[in-house]
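# Observations on the model geometry
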Amino acid sequence: MDLDRTPEEEDFRRGLRAWLLETLPRLPAKPPAADWPARRAYDCAWQRALYDAGYAGLHWPADAGGRGATPTQHLVFLEETERAGAPYVGANFVGLLHAGPTIAAEGTSAQRARWLPPILRGEEVWCQGFSEPDAGSDLASLRTRAVRDGDAYIVTGSKIWTSHAEVADWCELLVRTDPSASGHRGLSWLAMPMDAAGVTIRPLRTLAGSTEFAEVFLDGVRVPVDHRIGAQNDGWRVTMVTLSFERGTAFAGEIVACRRTLGRLAAAARENGRWDDAVLRRRLGRLNAVFAALWRLVQWNASEAEGSLRAGGDGVPGAGASVFKLRYSLARQELYEAAAEILGPRSLDADHEWTTERLSSLAYTIAAGTSQIQHSIIAERILGLPRGR
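As the structure is a computational prediction, the values presented were derived from the model and not from experiment. (Residues numbered from 1 in each chain as written. Predicted model: local features only at pLDDT ≥ 70, side-chain atom pairs only at ≥ 80, totals over all residues. Heavy atoms only, no water.)

## Some points on the environment of Ala-338
Looking at where Ala-338 falls in the secondary structure, it is placed in helix α9 (residues 320-343). Each C-alpha atom, one on Ala-338 and one on Leu-284, is 7.6 Å from the other, the two residues being 54 residues apart in sequence. In this structure, Ala-338 is in contact with Arg-283, Leu-284 and Leu-287, ignoring residues within four places of it in sequence. (Helix = DSSP H or I, 4+ residues; strand = E, 2+ residues; numbered from the N terminus. Contact = heavy atoms within 4.5 Å.)

## Notes on the pairing of strand β5 (residues 187-193)
Consecutive side chains of a regular strand alternate in pointing toward one face of the sheet and then the other. Here β5 lies mainly inside the structure; seven of its seven residues are buried. Relative to β5, strand β4 (residues 170-176) is paired through seven bridges, and the arrangement is antiparallel. Residue Glu-172 lies in a different strand from β5, and its bridge partner there is Ala-191. With two bridges connecting them, β5 and strand β8 (residues 228-229) associate as antiparallel partners. When the sheet's bridge partners are listed, Leu-190 is paired in β8 with Arg-228. (Buried < 20%, exposed > 50% of the residue type's maximum accessible area, 1.4 Å probe, protein only. Pairing = 2+ DSSP bridges.)

## Quick word on helix α2 (residues 36-53)
Here α2 spans 26 Å end to end across 18 residues, near enough to the 26 Å set by a 1.5 Å rise per residue. Taken as a whole, α2 has its buried residues at Trp-36, Arg-40, Tyr-42, Asp-43, Cys-44, Trp-46, Gln-47 and Leu-50. Where α2 is buried, its residues touch α1 (7-23), α3 (71-83), α4 (93-106) and α5 (109-120). Looking at where α2 begins, the residue whose side-chain oxygen comes 3.2 Å from the main-chain nitrogen of Ala-38 is Asp-35. Looking one or two places after α2, you find Gly-54, whose phi comes out positive at around 85 degrees. (Expected span 1.5 Å × (residues − 1). Polar contact = N/O pair within 3.5 Å; in protein donor to acceptor, adjacent residues only side chain to side chain.)

## Some words on the pattern of salt bridges
What the rule picks out here adds up to 23 salt bridges. Glu-123 serves as the salt-bridge partner of Arg-121, at 2.8 Å between the closest nitrogen and oxygen. Glu-123 gets classed as partly exposed once you look at its relative accessible area, which sits at 38%. Close ionic contact of Glu-334 with Arg-327 constitutes a salt bridge, the shortest N to O distance being 3.4 Å. Residue classification places Glu-334 among the partly exposed positions, given a relative accessible area of 24%. Among the residues examined, Arg-327 registers a relative accessible area of 24% and is labelled partly exposed. Here the residues in one salt-bridge network are Glu-10, Arg-13, Arg-17, Glu-79, Glu-80 and Arg-83, joined through shared partners. (Salt bridge = Lys/Arg side-chain N within 4 Å of Asp/Glu carboxyl O.)

Next comes the structure, spelled out in structure tokens:
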């Protein structure tokens, strides 16, 4: 992995900085946090601006509508957009970071042509329908069924923790298509339209007071067979592709944001006198080292994915994605615990940005695969230990 910047990559950085400098002042004010339809419109407008400027799907393969950029260019993009305070992917993080890359890697040419351009143009938003009330960490125990009926599947069941379901157009849906098969066998990955008859959405309010998650109930929903990504009953393998993207490269922008927040914490500690506390300084110094190491791991995962593509593979990050997810989940929680220490009594203010992030960080050891699951993956796929019972 070569981390040196080439002249072409530095030219890319300069061009991106100039575009951000010109574009960001013209953006409208961000909508209220609780107004998800307005936030969807805001996020999609930003995605369209990226598309028009040639920055959408920067690291996606050219034949998937992307620019085919190098891993370094992609990471430069994340660094510069975060440094400039540009919007993040927002409401369509599933489409841009999970479903889109999965369809690019596993979809047919017709499926890629149907779903990838609208994602890149900011026209369609996706959500994820994997977890169920009785199938979270043990995803293979899911019960939502899809029964073949001619050229469609009839889907019945429920999903939970479905991010941005209330504003999504499509759902990456994992269903059981062979009820006689146990565990991960007999599953299929479907692209389900959220406006289909039989779909009911019930928002869930989190500890932080937000409603970006929802329960989704499916009562005889018809999903065309040609909306299946991969072969019937091969959904577990396709889902592992999705989760590899989710854990390996999807959090890259958040690392940049956390490093920026760490600098703000140090500045706040200097302002309120907490900087004189040697224990706190060591804590912040250690966090700085942890996030620097995590950024290197992001670079490794991105380089590995790019190397796979160049070798004719699918561009999917490897087991290192689980190493990253495991440590990042803890690091984010540690970051906002330090923020609470610096804030002191102000950390009880539910409206403070860092308090909200602290509450949100509690979910990171569960979301995108629990830490227990990541430990098992690392033990089996990296250390070669026997599979746990």
